[in-house]
Amino acid sequence: MSKEYVNSICGMCSVRCPIKVEVEDGKARYIEGAKSLKGSLCPRGAAGTALTFDEERPQYPMIRQGERGEGKWKQVSWDEALDYVADKLKAVQKEYGKDAVLFSDRGGPFRDFYRAFLRGIGTANYNNHDSACARNVQNAALSVFGFGRKGVSYDLGNCKHIVLQQRNIMEAINVAECNNALNALDKGAKLTVIDIRANVPATKADNFFMIRPGTDYAFNLAVIHVLINEELYDKKFVADWIDGLDTLKDFVQEYTPEWAERETGVSAEALKAFCRELAEAAPSVIWHPGWMTARYADSFYMTRTIYLINALLGSIGAKGGLPFMGKPGDVGAKGLQSFMNLYPKPEGKRVDGVGWMEGRKHYDAGPGLVNLAYEAIVTGEPYPIKAYIAQRHDPLMAFPDVADVKSLWDNLDLLVAVTFSWSDTAWYADVVLPISPYLERDDTIMTKNGPKPSFVMRKRAMEPIYDTKAIWEIYSGLAKRFGLDDLVYENIEDIWKFQLEGTGYSIEDFAETGSVALASEAVYKPVTDGSFKTPSGKIQVIDEKLEADGLLSLKPYVSPEFPPEDKFRITFGRCALHTQGHTVNNALLFERMPENKLWINTEKAKGLGIETGDRVSVSNNGYSADTTAFVTDFVHPDAVFLVHGFGHTLPCESRAKGHGIADNELMPKGIKKYDKGGGAIAMQEHFVTVAKA
Ligand SMILES: Nc1nc2c(c(=O)[nH]1)N[C@H]1C(S)=C(S)[C@@H](COP(=O)(O)OP(=O)(O)OC[C@H]3O[C@@H](n4cnc5c(=O)[nH]c(N)nc54)[C@H](O)[C@@H]3O)O[C@H]1N2
Ligand SMILES: Nc1nc2c(c(=O)[nH]1)N[C@H]1C(S)=C(S)[C@@H](COP(=O)(O)OP(=O)(O)OC[C@H]3O[C@@H](n4cnc5c(=O)[nH]c(N)nc54)[C@H](O)[C@@H]3O)O[C@H]1N2
Ligand code: SF4
Ligand SMILES: [Mo]
């Protein structure tokens, strides 16, 4: 029996914690967190072996035989699959132009190699999943600071007051962040949770405000009102770095705490006391801007207020607050060499109109808004899209209303899914290109930005057990078929060497821990001229770019609809045991949590004759599914809550099939409802019916 340990990177969610994998006789047996995490992992990270050894994942490349979604597949070799995809892509580009190829992924630090391929074939239409996730935060950060949401980090270790508003730091997990938050609480930091239900952080909070769903913007406007009117803000920081305080002050005058109480249900006195606590802890305050903010038609504006509140408290750039993100260059190191730089940026205009179309010029152009690109598939305007590659992206679960999204794809000549597990999208695709799960594959080296930037290497812990490939192998194979010789590689070491060229580091430097630290001490960059990338060089209340697109910077508050009689607003979130929809069929995690219970308020449940443990059905627009009720005082009476990702229907997922409710099916034609300010889908603007099953 031979035993070895491999340092690598977890791939069970998009956080990418460093891990140590125990390998016995060539098989990964046990995973723990790296030393930097003191060995800790979240449950999903620990269940990575169950993904690897799951027979119910795509085991070889497949080409569709029957109709889309019929589930008739032909097993093919990798050469056949890549020939098929390359030929189709070429035919589409020849007939409809280079930009007729659309691509979307999950974003993240491993993109450089395949984005270089997309540049190489000349399409302007790279997208990510983010209009269903954090786009409002990204665009709000740009609108206030001139840089994106990752321009700041969260210094939880030194924070004195953490505010979590629609941010569940202990269940929507990033292991290091979760541990840092818990340590801060141990050291006496205060915690305030603003949520529509008592999540795990709420159980540890000093203040818990259970807010009426959809009224967060009202709450925050009242907070700004108090901070300014009671002069609780950081005068020096504001004088030096905020442009437009008077305008903001005028705007919030009508939004008093007493007014907010009527909107949100949170007492005016409690809100005022909370503001005073914040001022006491400032500038070591983190009011987290949120992550999954694709919820309401005003989520972008709500997030803008969060950034402005942090600015009023002087926490931007502060120790214990939101310090500026450190990149390799900030600590005197050289960044990785980029494959994307081998090719020019494609000349075409984005099909989603982002960056150039009226009303869409203000959005961050980087990953676009794929929901808007789907419109082009239907209309052919501004030009047709005929091929679509969804990689590490399951739009049929990530966007509302499966049938509606499918119908948007009808005009595609080619739909490719690149994935390591089955998904609604893979099942509906023309070609499935199965990726080796992370324990079986190497990836390009990633840069981890932060107070102490580093380079981290994902190394495979074992050989693939099925006929699957690493992402670089797939795109290297496609590059070869397109004559993009600079991207044709036979082994990962040569790719790593290319990336490391000029950095002064070599592959051997990763041997001991799997990473290379670029700084020994955390770096806090001071706030100086040039910190904010806005026209004034300051944090801006008024965003000219937004206004030029016909949108207001300070949008008057609009009270959200109350649920119609006998209906509830649908709300959702994450749990510690699953990642989106793709772990429900994981044998270990399914055993722990096979369905998503329905949270429903005690009084409301009583009216419907529902008790905890009863089977209940939730319906909207012809969709209906059953689950178990969880009756509690600690969810707002207007809402019901579900963990996202359940209600699978695919025959190839024997465990997940038929369990729980697909929250995305409760949002009819929801992809068309989006926040014009930030571009993200407004998924909680829907009402559902609940009944005892
Ligand atoms: N109704 C509703 N909709 C939501 C949400 C919600 O809460 N409710 N949440 C939203 C949020 S926050 C997000 S981020 C999106 C997430 O939705 P997606 O972006 O689609 O993300 P995942 O479900 O994590 O992964 C998609 C697919 O990629 C595969 N995959 C995972 N890891 C890898 C990998 O390393 N390589 C490859 N090639 N494939 C991989 C998975 O098996 C899965 O099939 O959904 C959003 N949509
Ligand atoms: N375990 C686990 N961790 C994950 C993921 C996962 O799937 N599983 N996914 C990762 C991804 S992609 C993302 S985007 C993040 C998401 O990270 P978060 O956004 O922090 O997670 P969520 O659980 O979606 O939502 C946070 C909280 O918002 C609350 N909420 C819902 N509606 C409202 C509202 O109207 N107002 C207020 N104030 N609160 C509301 C929910 O009750 C929930 O407690 O998590 C990441 N981490
Ligand atoms: S948070 Fe959990 S699932 Fe995500 S990378 Fe870390 S250990 Fe893996
Ligand atoms: Mo997300």
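Residues numbered from 1 in each chain as written. Chains lettered and ligands numbered in written order. Predicted model: local features only at pLDDT ≥ 70, side-chain atom pairs only at ≥ 80, totals over all residues. Heavy atoms only, no water.

For the protein, the name recorded in an unreviewed UniProt entry is Molybdopterin-dependent oxidoreductase, with Pseudodesulfovibrio cashew as its organism. As its UniProt record puts it under Sequence similarities (unreviewed entry), the protein is described as follows: "Belongs to the prokaryotic molybdopterin-containing oxidoreductase family." (UniProt positions renumbered as here; feature names shortened; annotations may be inferred.)

All right, on to the site of ligand 2 then. Close contacts around ligand 2 come from 30 residues, with Arg167, Asn168, Asp195, Tyr296 and His578 the closest. Interatomic distance of 2.8 Å between a backbone N/O atom of Cys575 and a nitrogen atom of ligand 2. For ligand 2, the accessible surface in isolation is 910 Å², of which the surrounding protein chains cover 99%. Across the shell around ligand 2, the residue classes tally to eleven nonpolar, ten polar and nine charged. (Near = heavy atom within 4 Å. Polar contact = N/O pair within 3.5 Å; in protein donor to acceptor, adjacent residues only side chain to side chain. Areas by Shrake-Rupley, 256 points an atom, 1.4 Å probe, with all protein chains shown as cover. Nonpolar A, V, L, I, M, F, W, Y, C, P; charged D, E, K, R; others polar.)

The subject of this paragraph is the packing of aromatic side chains. In total, this model carries 38 aromatic pairs according to the counting rule given. Taking the centre distance of 6.5 Å and the plane angle of 70 degrees together, the rings of Phe103 and Tyr475 count as edge-to-face. With Phe103 in strand β6 (residues 101–105) and Tyr475 in helix α17 (residues 471–481), this pair connects stretches of sequence that are 372 residues apart. Among the residues examined, Phe103 registers a relative accessible area of 0% and is labelled buried. Residue classification places Tyr475 among the buried residues on the basis of a relative accessible area of 1%. For the pair Trp409 and Tyr428, a centre-to-centre distance of 6.4 Å together with 40 degrees between the ring planes defines the contact as tilted. Highlighted residues: Trp409 in the loop between α15 (402–408) and β14 (414–419) and Tyr428 in helix α16 (residues 424–428), separated in sequence by 19 residues. (Phe/Tyr/Trp six-rings, centres within 6.5 Å; stacked < 30°, edge-to-face > 60°. Helix = DSSP H or I, 4+ residues; strand = E, 2+ residues; numbered from the N terminus. Buried < 20%, exposed > 50% of the residue type's maximum accessible area, 1.4 Å probe, protein only.)

This paragraph deals with unusual backbone geometry. The omega angle of the peptide bond from Ala282 to Pro283 is 5 degrees, so this bond is cis rather than trans. Inspection of the secondary structure assignment puts Pro283 in the loop between α11 (268–281) and β12 (285–287). Cis peptide bonds are those with omega within 30 degrees of zero, and the linkage from Glu381 to Pro382 qualifies with -5 degrees. Structurally, Pro382 is set in the loop between α13 (370–379) and β13 (387–391).

Moving on to the sheet that holds strand β9 (residues 190–195). If you walk across this open sheet you meet the four strands as β10-β9-β8-β12, and the pairing is parallel. At either margin of the open sheet sits one strand with a lone partner, and together these are β10 (207–210) and β12. Taking each pair of neighbouring strands and ignoring which way they run, the sheet shows an average axis angle of 5 degrees. Relative to β12, strand β8 (residues 161–165) is paired through three bridges, and the arrangement is parallel. Residue pairing for β12: Ile162 is matched across the bridge by Ile286. On the sheet, α11 packs against β8, β9, β10 and β12 and is oriented at approximately 135 degrees with respect to β8. (Pairing = 2+ DSSP bridges. Axes fitted to C-alpha atoms, helices over the stretch in contact; angles between N-to-C directions. Contact = heavy atoms within 4.5 Å.)

Attention now goes to the side chain of Gln684. Of note, Gln684 is situated in the loop between β24 (639–643) and β25 (687–692). Side chain to side chain, Gln684 and Tyr296 meet in a polar contact 2.8 Å long. There is a polar contact of 3.2 Å between the side chain of Gln684 and the backbone nitrogen of Phe572. Apart from the residues lying within four places of it in its own chain, the contact partners of Gln684 are Arg295, Tyr296, Arg569, Ile570, Thr571 and Phe572.

For the rest of this paragraph, the subject is the sheet that holds strand β5 (residues 73–75). Taken together, the seven strands give an open sheet; going across it, the order is β5-β4-β15-β14-β13-β6-β7, and neighbouring strands pair in mixed fashion. The open sheet has two free edges, formed respectively by β5 and β7 (126–128), since each of these has just one partner strand. The sheet shows a mean angle of 20 degrees between the axes of neighbouring strands, direction not considered. In this structure, strand β4 (residues 62–64) lies alongside strand β15 (residues 431–434), joined through two bridges in antiparallel fashion. Its bridge partner lying in β15, Ile63 is registered against Val431. Across the sheet, helix α3 (residues 78–96) is in contact with β4, β5, β6, β13, β14 and β15; its angle to β15 comes to roughly 130 degrees. Sitting on the sheet, α13 touches β6, β7 and β13, and the angle it makes with β6 is about 155 degrees.

Taken together, 25 residues are adjacent to ligand 1, and Arg106, Asp394, Ala398, Ser421 and Arg574 come closest. A distance of 2.9 Å separates a nitrogen atom of ligand 1 from a polar atom in the side chain of Asp663. When ligand 1 is considered free in solution it has 900 Å² of accessible area, and contact with the protein chains removes 97% of it. For the shell around ligand 1, the per-class residue count stands at ten nonpolar, nine polar and six charged. Residues lining the shell around ligand 1 come from more than one domain, with at least three contributed by each of domain 2 (62–133 + 335–438 + 460–506) and domain 4 (568–692). (Domains from an automatic or database assignment.)

Let us look at the domain arrangement of the protein. Per the domain assignment, the segments of the protein are domain 1 (3–52), domain 2 (62–133 + 335–438 + 460–506), domain 3 (154–323) and domain 4 (568–692). Of note, the centres of domain 3 and domain 4, computed from C-alpha atoms alone, are 27 Å apart. Counting from both sides, the interface comprises 21 residues of domain 3 and, opposite them, 23 residues of domain 4. A combined buried area of about 1900 Å² lies between domain 3 and domain 4, and 61% of that area is made up of carbon and sulfur atoms. By the criterion of area lost to domain 4, the three top residues of domain 3 are Arg197, Arg295 and Tyr296, representing 30% of everything that side buries. (Buried area = accessible area lost by both parts, 1.4 Å probe.)

Under the UniProt annotation, "domain: 4Fe-4S Mo/W bis-MGD-type" (unreviewed entry) lies at residues 3–56. The distance separating the terminal C-alpha atoms of residues 3–56 is 27 Å; by composition the span is 17% helix and 39% strand.

If you walk through the whole model with that rule in mind, you get 33 salt bridges. Put simply, Glu32 and Lys20 hold a salt bridge, and the shortest N to O gap is 3.9 Å. Highlighted residues: Glu32 in strand β3 (residues 27–33) and Lys20 in strand β2 (residues 18–24), separated in sequence by twelve residues. Of the charged contacts in the structure, one is a salt bridge between Arg441 and Asp443, with a shortest N-O distance of 3.0 Å. (Salt bridge = Lys/Arg side-chain N within 4 Å of Asp/Glu carboxyl O.)

Turning next to empty space enclosed by the protein. Counting across every chain of the model gives six cavities of 30 Å³ or more. The calculated volume of the second largest cavity comes to roughly 110 Å³. Looking at the second largest cavity, it is lined by 13 residues, and the ones nearest its centre are Leu51, Asp54, Ser421, His582 and Asn586. Grouping the constituent residues of the lining of the second largest cavity by class yields four nonpolar, five polar and four charged. A domain split of the lining of the second largest cavity shows at least three residues from each of domain 1 (3–52) and domain 4 (568–692). (1 Å grid on protein atoms, 1.4 Å probe; cavity = no way out; pocket = protein on both sides within 12 Å on 5 of 7 lines; lining within 4 Å. Points joined across faces, edges and corners; volume = space filled by probe spheres on them.)

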